[in-house]
Structure formats: structure tokens, C-alpha cells
Number of protein chains: 2
Amino acid sequence: MDATRIGVGGAGTMGRGIAQGMSAMCDPAAEIGLPLTDVDTPALVIDLDAFERNLAEMAKRVSAAGVRIRPHAKTHKCAVIARQQMALGAVGVCCQKVSEAEALVRAGVPDVLVSNQVVGRRKIDRLVALAREARMGVCVDDAGNAVALGEAASAAGITLDVLVEIDVGAGRCGVAPGDEALALARGVASIDGLRFAGLQAYHGRAQHIRDYAERERAIESAASMTRATVAALARTGIECETVAGAGTGTWQFEAASGIYNELQAGSYVFMDVDYAKNLDAAGGPFADFEHSLFVYSTVMSRPARERAVLDAGLKAFATDCGMPRMADLESVVVLNASDEHAVVDLTASNANLGVGDKVRLIPGHCDPTVNLHDWYVCVRDNRVEALWPIVARGCVW
Amino acid sequence: MDATRIGVGGAGTMGRGIAQGMSAMCDPAAEIGLPLTDVDTPALVIDLDAFERNLAEMAKRVSAAGVRIRPHAKTHKCAVIARQQMALGAVGVCCQKVSEAEALVRAGVPDVLVSNQVVGRRKIDRLVALAREARMGVCVDDAGNAVALGEAASAAGITLDVLVEIDVGAGRCGVAPGDEALALARGVASIDGLRFAGLQAYHGRAQHIRDYAERERAIESAASMTRATVAALARTGIECETVAGAGTGTWQFEAASGIYNELQAGSYVFMDVDYAKNLDAAGGPFADFEHSLFVYSTVMSRPARERAVLDAGLKAFATDCGMPRMADLESVVVLNASDEHAVVDLTASNANLGVGDKVRLIPGHCDPTVNLHDWYVCVRDNRVEALWPIVARGCVW
């Protein structure tokens with residue numbers, strides 16, 4: 001591993017790359033200064049111009065809406081990007097796992113909310129230890145778990161910020177809004193070592209509702225439940241400093257709700273095929289943010305006129321939201337993927353793809369795609385400008 | 001990273017963990033000697049007894065059939081397992097990528113076939129460099145690619161073993177059997193730096209045909225095309241030293257074909273939900289090999305009577321072949337997975353899963369699941385006996 005290859009923020013993280021809770025990585029398939037076409041494949045490529053426009057656009061719009069943003073770092077898993085987001089006004093970042101938080105904090109991110117439950121002695125001890133190095137928050141939806149968090153925090157002499165998670169339609173974690181939330185919030189507020197900081201009210205299912213009005217109604221419903229819970233808490237003298245939620249599909253609705261004050265969108269930095277299927281208010285394609293993330297891939301076989309085979313498969317992009325799309329050759333369709341191959345159909349295309357040609361694929365789903373790679377190869381004007389380590393890649397616990 | 005935590009074969013590989021082409025890793029979620037229930041989650045767990053029975057069963061049966069086995073290391077990506085397979089008689093291993101081969105060779109594996117095309121100057125140079133450290137083979141299906149391989153090998157003063165890949169029904173890479181294969185084999189045989197070593201004739205599509213007789217017929221067809229190509233080559237004086245192919249779904253048919261002499265099955269070491277759906281000759285479940293690989297996971301939320309949420313999602317197991325299955329609670333169904341969560345349905349179960357309880361999931365597809373993890377937590381009699389590094393995790397180029 002050659003430290004001189006590492007771009008912004010990289011050099012500082014690498015020495016700690018094998019520390020507990022931080023992933024280290026394969027070597028990048030590129031060097032700074034290379035033309036894009038010389039980058040080896042598969043590689044995870046960021047178009048820096050598009051990426052920077054996405055960051056600036058979100059910063060401008062949340063500022064105009066008068067709400068905070070704490071972007072979700074589960075999307076990018078990269079301390080360089082987290083610091084760029086904070087430089088543009090984000091109050092910190094979210095992540096989903098203690099090990100992710102460890103990787104980010106140790107790479108210089110000072111404020112992390114684990115927007116998820118942290119269960120089990122080992123994880124709780126790690127979370128509490130991390131709270132000595134950075135401002136840490138966590139979500140709870142279970143009274144026993146809150147007690148365990150409080151015991152560990154008290155024993156360590158620290159205080160954890162706790163959001164009570166309510167289920168506003170996602171059907172995953174979270175207590176019911178209203179009385180259940182009230183009971184748990186009172187419990188949290190009474191436990192030494194914990195500080196009740198507000199509500200986590202993320203509506204995951206709403207993010208990919210294609211129709212704009214239907215998506216808006218889902219968040220109106222979530223906001224209504226959240227508003228009622230905040231009011232009920234206020235009547236018992238418990239203030240919600242933070243009301244958190246929102247994703248890239250719905251953030252504008254939470255921002256306008258008057259009740260959410262901290263947004264957690266993540267995918268907006270990259271976009272993906274799935275989010276691009278959402279529709280805007282006029283029924284047109286969702287265009288607030290641009291595709292800035294690509295899996296760069298080589299044609300490794302051209303066995304038939306209508307078929308080419310790429311060198312990227314299930315280990316280079318996620319397929320849970322469908323196949324990737326070709327960025328620059330719209331008539332070429334990715335038919336299927338196996339572990340290390342993707343078969344593309346050239347039937348409807350005049351593209352003369354030969355063995356050795358390289359193409360850009362837009363991932364179907366950005367988060368689990370990023371988690372397959374160790375480096376971002378950051379490109380501007382077709383040259384590699386930086387290599388950013390994905391320090392929380394593989395941090396699943 | 002604490003080197004004393006590392007089990008068989010680990011200590012030797014870790015020092016080189018950040019060398020070019022070798023992945024390094026997150027810390028393991030366990031220590032040797034821990035009871036399984038104290039292993040943090042999500043973790044990738046091997047049941048060593050079942051795993052060892054799988055290795056021994058395959059070794060015994062290929063030996064009885066009088067064929068060689070070169071197991072596919074794309075499944076396990078682990079030098080410890082590769083060496084165990086070779087100790088039981090395997091002639092070497094396969095992998096799909098040069099970077100995988102680099103990781104394995106540098107961890108002590110002496111003989112690797114890249115059962116795939118290697119395209120592009122950078123990859124070819126790395127392959128050729130590796131051939132100074134180990135016996136290396138590669139597949140080709142393109143004359144221009146063969147020339148490029150020969151030029152690099154000649155310049156380096158080494159000789160690469162080359163298999164010509166033929167398409168025997170997989171519809172992916174490979175030239176047509178017969179005349180096309182003959183022309184390419186002649187070309188390879190004439191190129192300095194290359195040695196024509198035989199045919200690669202893997203029928204990927206046949207592996208998961210559920211019906212036994214239909215699966216057998218698919219391989220009879222592949223074997224027939226392969227046999228004809230071998231005969232045509234022999235008539236022109238070109239001998240096929242190696243005729244390679246087969247996977248866990250079909251290996252017994254290739255072994256009995258009289259034409260294949262080197263089998264490339266990989267998944268048999270672990271099995272998965274998808275392979276377990278194959279049927280045996282009597283129409284019963286395929287039971288030659290046992291499930292030995294599990295994603296260990298914790299119940300992190302129990303928000304409703306019929307619903308529990310696990311702490312493992314798309315970043316801990318692959319879903320391209322469907323959801324994982326609960327190993328020990330058959331009536332509990334994994335409904336869906338998001339990035340870091342799986343929702344399970346308890347409607348049909350009496351299981352009293354509470355927050356903090358741990359469960360074993362059988363992955364839908366073992367290969368891309370393994371690629372999400374850095375360590376195998378190897379368990380016998382419910383205790384952690386070893387931690388094996390997945391040295392080729394993330395090696396996609």
C-alpha cells in the first residue's frame with residue numbers, strides 16, 4: 001500500500017486501517033493522475049463534478065428550509081465525504097452500526113448518531129467507549145435495551161443521547177407512536193447515563209413510492225403521528241430537542257412538515273437506478289440530484305453479435321433493486337449478473353463493444369454496492385483526482 | 001488487530017494483509033475459545049464438523065471416480081481452506097480474478113487456475129508476475145486476448161498454461177465448440193509464452209436445474225460437445241491434457257462422463273439455500289453435502305407479536321438467490337431484508353424470540369455472502385476453534 005497514492009483525507013486514516021472496528025482494504029485499481037480509461041476494473045468511480053453539485057444542492061435546500069441535516073453515512077461509509085458534508089453545514093452524520101461509527105470517528109468525524117438499535121453487551125461497551133472520542137447518539141425501541149445502555153454509560157461515567165424510535169409506517173423497528181413512545185421516553189429520561197434527545201421517525205417504505213403525491217401523503221401521515229407524539233410528550237414536560245427522519249425520496253416533505261428538524265438523507269450524494277425511478281410533482285423523472293456513482297467495467301468477452309460479457313458481477317454491484325443500467329449506452333441492457341460477470345444484450349444497439357472496451361454502470365442500489373468496494377476512484381475531466389478509502393466498508397456489527 | 005487471535009494459517013497471512021492485491025480486513029467479531037453465543041453479530045460462522053465432512057466426502061468421491069478436483073476458491077476466498085482441500089488431494093484451486101489469485105498465492109497456495117478471461121494490460125502484467133511465484137493457468141475465448149497474454153508472458157520469460165473456454169450451454173463466455181475452438185486452440189498453441197493445456201467447459205446454467213434427470217441431460221449435452229471438440233483437436237495433433245468444468249450441482253455427471261478429468265466444484269464446502277433446492281435421483285432433497293456456513297445474527301427489535309427484526313441485512317448476506325433461511329427455527333420465515341436489517345415473520349411459529357437472542361441463517365447464495373465478510377468464525381461443539389481470514393474478500397479485479 002503506497003500512502004502517496006491516497007487522496008484527500010486518506011493518508012490520515014490509513015495508519016489506523018487495521019485498528020479495531022476499522023476496515024482496511026485492497027489496493028485501489030488506479031493511481032492519481034491516470035486517465036479514466038486506464039483505471040483497472042471493476043472500480044467504483046465518483047464523478048466529482050456531479051457529486052459536488054449534489055452536496056451543494058442539498059446544503060442549499062435544507063438551509064433554505066430552516067432544518068438541520070445529518071446525512072446518512074451508511075450510503076458512502078467514507079470519512080472524507082462525511083467531513084465534506086459537515087463543512088457544508090451538516091451537524092454530523094448517521095450510521096447504522098457501532099463498527100461503522102468506530103471507523104468514521106477514528107477517521108475524524110466528531111458527531112455520529114447510530115440511527116438504529118444497539119443490542120448486546122459487546123456492542124454497547126464499544127458504543128460507550130466511542131462516546132469518549134466523539135459526540136454519540138443512539139436509538140432505542142425497547143425498555144430493557146435502554147436499561148442496558150444506561151448501565152454501561154453510567155459505569156463509564158458518560159452520557160449517551162438517546163432518540164426513541166417510533167414506527168411511522170416503515171413496519172420495521174420502533175415502538176408505536178403515542179402512549180408506547182411516551183412510556184419509553186419517560187423510562188429513558190429516568191435512566192442515569194442516558195439523555196432523552198427526541199424521536200427517530202424514519203419512514204423507510206415511503207422512500208421509493210414512485211408517485212409524488214402518494215409519497216407526500218405517506219410523509220404527511222408519518223408527520224402527523226410524530227406531531228401527536230411530540231405534543232403528548234410536551235404535555236408531560238418532556239421536550240423533543242430532535243425530531244429525526246427522512247431519506248432521499250422524501251426529505252423535502254419532512255423539511256416542510258414543521259415537525260421534523262433533522263434530516264437523514266444519504267443516497268442523494270450518489271443517486272442510483274432505483275431512486276431515479278421516483279417521479280417529481282409534474283410526473284417527470286426525479287432530477288434534484290444527479291448520478292455521480294458508477295461501477296467501471298471492462299468487456300471481457302464478446303462471444304456473439306448480440307452478447308457481450310462484462311467483468312463486474314454480484315461481487316461488484318448489488319442487485320437487490322435490479323440490474324445496473326449502462327450510463328453512456330442507453331440501448332444496451334444488462335440482462336443478468338452472476339458472481340463475477342454481467343451479460344449485456346446488444347440486440348437493440350449499434351454499439352460496437354469489443355473485448356477490452358470499458359463502460360460505466362449506474363448501480364441499482366448505491367448503499368450495498370459501495371459496501372463491496374474499498375476505494376472510491378474520484379474522477380474529474382476524465383482524470384483520477386483522488387482516491388478515497390471506504391473506511392467503514394464491511395463494518396456490519 | 002491482534003495476531004494472537006488468528007487461527008490456523010492466519011498468522012502467516014496477516015503481515016502481508018496490506019500488500020498489493022490482498023485485502024486486509026475488519027477485526028473479527030469473536031475470539032478463539034468463546035462460546036458461540038458470545039460471538040458478536042452479524043458474523044460468518046463455519047460449523048467445522050459439517051465443513052470437514054463436506055471436504056472429506058468430495059475428496060473420497062472424486063478419488064473413487066478417478067478424476068482430479070481443482071475446487072473453486074471463488075466460493076471461500078480463503079487460503080486456509082484452499083490448503084485443506086489440497087491436503088485432501090486437490091491439484092490446486094480455481095479463482096475468477098487475478099487479484100483473488102494474488103491473495104491466495106501470497107498466502108501459500110501454489111497452483112491456481114484463473115477459470116476466466118483476463119483482459120487488459122494491467123491485469124495481464126499482474127498475472128504474469130504471479131506466474132513467477134506459483135503455477136498459473138488462465139482461460140481464453142478471444143484470439144487478440146491470447147496474443148496479448150503471449151506477449152506479456154514472453155517478455156517476462158515465463159509460460160502460461162492456457163485453457164480454451166468453450167460455451168457448452170452456459171450462454172456466457174466461451175467460443176463455440178468445434179471449429180471455433182479448434183481455430184483458437186491452434187492459435188494458442190502457436191503463440192510463444194503460452195502452452196495450450198486443454199479446454200474449459202463449464203455449464204453454469206445446469207447447476208441449479210432442480211430435476212435430477214434434466215440436470216444430467218444438460219451435462220450429457222455439454223459432455224458430448226466437449227468430447228467432439230477434444231476429438232477434433234486430437235485429429236489435428238493437439239492433445240487436451242485438461243478438460244475442466246463442473247460445479248456442485250452437476251459434478252457427479254462430469255465425473256462419470258469419461259471426458260472431463262478436472263472438476264471445479266466450489267460451493268460443496270458450504271452449501272446454501274439455493275443448492276439445497278436441487279433434487280436427487282429419487283426426487284428427494286440433494287443431501288450429498290451439508291449446510292456448514294451460517295450468518296449468525298441477533299434479534300435487535302421485537303416490535304410486534306408476529307414480527308422480529310434481525311441485525312443482518314443486505315450487507316451481511318446476499319439475496320440474489322432469495323432470502324436466507326433460519327437454520328434452527330423452520331417455522332420462522334425471513335420476509336425481507338434492507339441494508340442492515342432482516343424482518344422475520346413469527347406468525348406460524350411459537351418461537352419466543354426476544355431482543356438479544358441469536359439465530360443462525362443459512363445464506364441463499366454462499367459465494368457473494370462470503371465476499372461481504374472478512375473472517376470465518378469457525379465453531380465446533382459451540383466454541384470458537386479458529387478464525388480464518390477471507391484473504392480474497394473484495395478482490396474483484
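Every value quoted in this text rests on a predicted model; they were computed, and no experiment measured them.

What counts, and where the lines are drawn
Residues numbered from 1 in each chain as written. Chains lettered and ligands numbered in written order. Predicted model: local features only at pLDDT ≥ 70, side-chain atom pairs only at ≥ 80, totals over all residues. Heavy atoms only, no water. Phe/Tyr/Trp six-rings, centres within 6.5 Å; stacked < 30°, edge-to-face > 60°. Buried < 20%, exposed > 50% of the residue type's maximum accessible area, 1.4 Å probe, protein only. Core = buried A, V, L, I, M, F, W, Y, C linked by side-chain atoms within 4.5 Å. Contact = heavy atoms within 4.5 Å. Pairing = 2+ DSSP bridges. Helix = DSSP H or I, 4+ residues; strand = E, 2+ residues; numbered from the N terminus. Axes fitted to C-alpha atoms, helices over the stretch in contact; angles between N-to-C directions. pLDDT = per-residue confidence, 0-100. Parallel < 35°, antiparallel > 145°, perpendicular 65-115°, else oblique. Left-handed = near helix turned anticlockwise from the far one by under 90°. Least-squares fit on C-alpha atoms with pLDDT ≥ 70 in both. Buried area = accessible area lost by both parts, 1.4 Å probe. Salt bridge = Lys/Arg side-chain N within 4 Å of Asp/Glu carboxyl O.

## Digging into the packing of aromatic side chains
All names here are of chain A.
Phase 1: Counting across every chain of the model gives 14 aromatic pairs over all chains.
Phase 2: Between the aromatic rings of Phe286 and Phe289, the centroid separation amounts to 6.4 Å while the plane-to-plane angle is 55 degrees, which identifies the pairing as tilted.
Phase 3: Residue classification places Phe286 among the buried residues on the basis of a relative accessible area of 6%.
Phase 4: Of the residues examined, Phe289 reaches a relative accessible area of 5% and is grouped as buried.
Phase 5: Grouped by ring-pair contacts, the aromatic residues Phe51, Phe270, Tyr376 and Trp388 constitute a single cluster.

## Things to note about the nonpolar core
Phase 1: With 75 residues, the main nonpolar core has Leu127, Met136, Leu160, Val164, Val188 and Phe196 of chain A together with Val377 of chain B as its most contacted residues.
Phase 2: Excluding residues that lie within four positions of it along the chain, Met136 of chain A makes contacts with Ala101, Val105, Val112, Val114, Leu127, Leu130, Ala131, Leu160 and Asp161 of chain A.
Phase 3: If you look at the next biggest cluster of nonpolar residues, it comprises 62 residues, including Val105, Leu130, Ala152 and Leu199 of chain B.

## Details of the sheet that holds strand E9 (residues 262–263) of chain B
Residue and element names in this part refer to chain B.
Phase 1: Read across the sheet, 8 strands follow the order E2-E9-E8-E7-E6-E5-E4-E3 without closing on themselves; strand pairing throughout is parallel. Sheet topology places strand E2 (68–69) and strand E3 (93–95) at the edges, where each strand pairs with a single neighbour.
Phase 2: In the packing of helix H4 (residues 98–106) onto the sheet, the strands contacted are E3, strand E4 (111–117) and strand E5 (135–140), and the crossing angle to E3 comes to about 145 degrees.
Phase 3: Contacts from helix H8 (residues 212–235) reach strand E7 (194–200) and strand E8 (242–245) within the one sheet, and its direction differs from that of E7 by about 150 degrees.

## Things to note about the confidence of the model for chain A
All names here are of chain A.
Phase 1: Within chain A, residue pLDDT values average 93, and 94% of them lie at 70 or more.
Phase 2: Note on residues 1–24: pLDDT is under 50 here. Beyond four places in sequence and across chains, it has 69 contacts.
Phase 3: Interface scoring of the predicted complex returns ipTM 0.93; its pTM is 0.94.

## Some remarks on the packing of helix H5 (residues 121–130) of chain A against helix H6 (residues 143–156) of chain A
The description of two helices packed together rests on the angle between their axes and the distance between the axes.
Residues and elements named next belong to chain A.
Phase 1: Where H5 contacts H6, the two axes come as close as 9 Å, and the packing angle between them is 45 degrees. With respect to each other, H5 and H6 are oriented oblique. Like other packed secondary-structure pairs, H5 and H6 cross with a definite hand, here right-handed. Taken together, the residues of H6 that come into contact with H5 (itself represented by Ile124, Asp125, Leu127 and Val128) are Asn145, Ala148, Leu149, Ala152, Ala153 and Ala156.

## A short note on H5 of chain A
Phase 1: Taken as a whole, H5 of chain A has its buried residues at Lys123, Ile124, Arg126, Leu127, Val128 and Leu130 of chain A.
Phase 2: Buried residues along H5 of chain A sit against helix H4 (98–106), strand E4 (111–117), strand E5 (135–140), H6 and strand E6 (160–165) of chain A.

## Some details on the relation of the copies chain A and chain B
Phase 1: For the pair chain A and chain B, the relating rotation is 180 degrees, the translation along its axis is 0.0 Å, and the fit reaches an RMSD of 0.0 Å. What the rotation and shift describe, once combined, is the action of a two-fold rotation axis.
Phase 2: Interface overlap between copies: 100% of the residues of chain A at the interface are likewise at the interface in chain B, consistent with a symmetric, same-surface contact.

## Let's talk about the interface of chain A and chain B
Reports often express the size of an interface as the amount of accessible area lost when the parts come together.
Phase 1: Taken together, the contact between chain A and chain B spans 67 residues of the former and 67 residues of the latter.
Phase 2: When chain A packs against chain B, close to 5400 Å² is buried across both sides, 51% of that on carbon and sulfur atoms.
Phase 3: On the chain A side of the interface with chain B, the three residues burying the most area are Arg122, Arg172 and Lys315 of chain A, jointly 13% of the side's total.
Phase 4: Between chain A and chain B we count 14 salt bridges in total.

## Quick notes on the pairing of strand E13 (residues 333–337) of chain A
Residues and elements named next belong to chain A.
Phase 1: Sheet topology places E13 next to strand E14 (residues 342–345); 4 bridges connect them, and they run antiparallel. Looking at E14, one finds that Asn336 is bridged to Val343.
Phase 2: Where E13 folds back onto E14 in an antiparallel hairpin, the turn is made up of 4 residues.

## So, the pairing of E8 of chain B
Residues and elements named next belong to chain B.
Phase 1: Here E8 shows a buried face lined by Thr242 and Ala244 and a second buried face lined by Val243 and Gly245.
Phase 2: Note that E7 and E8 share 3 bridges and pair parallel. Of the residues in E8, the one forming a bridge with Leu199 is Val243.
Phase 3: Note: E8 against E9, 2 bridges, orientation parallel. Following the sheet pairing, Ala244 is matched in E9 by Glu262.

## Some details on the environment of Leu127 of chain A
Residue and element names in this part refer to chain A.
Phase 1: Checked against the element boundaries, Leu127 lands in helix H5.
Phase 2: When its relative accessible area of 0% is taken as the criterion, Leu127 is described as buried.
Phase 3: Sequence separation of Leu127 and Ala153 is 26 residues, and the distance between their C-alpha atoms is 9.0 Å.
Phase 4: Those residues in contact with Leu127 that sit more than four places away from it in its chain are Val98, Val114, Val118, Met136, Val138, Leu149 and Leu160.

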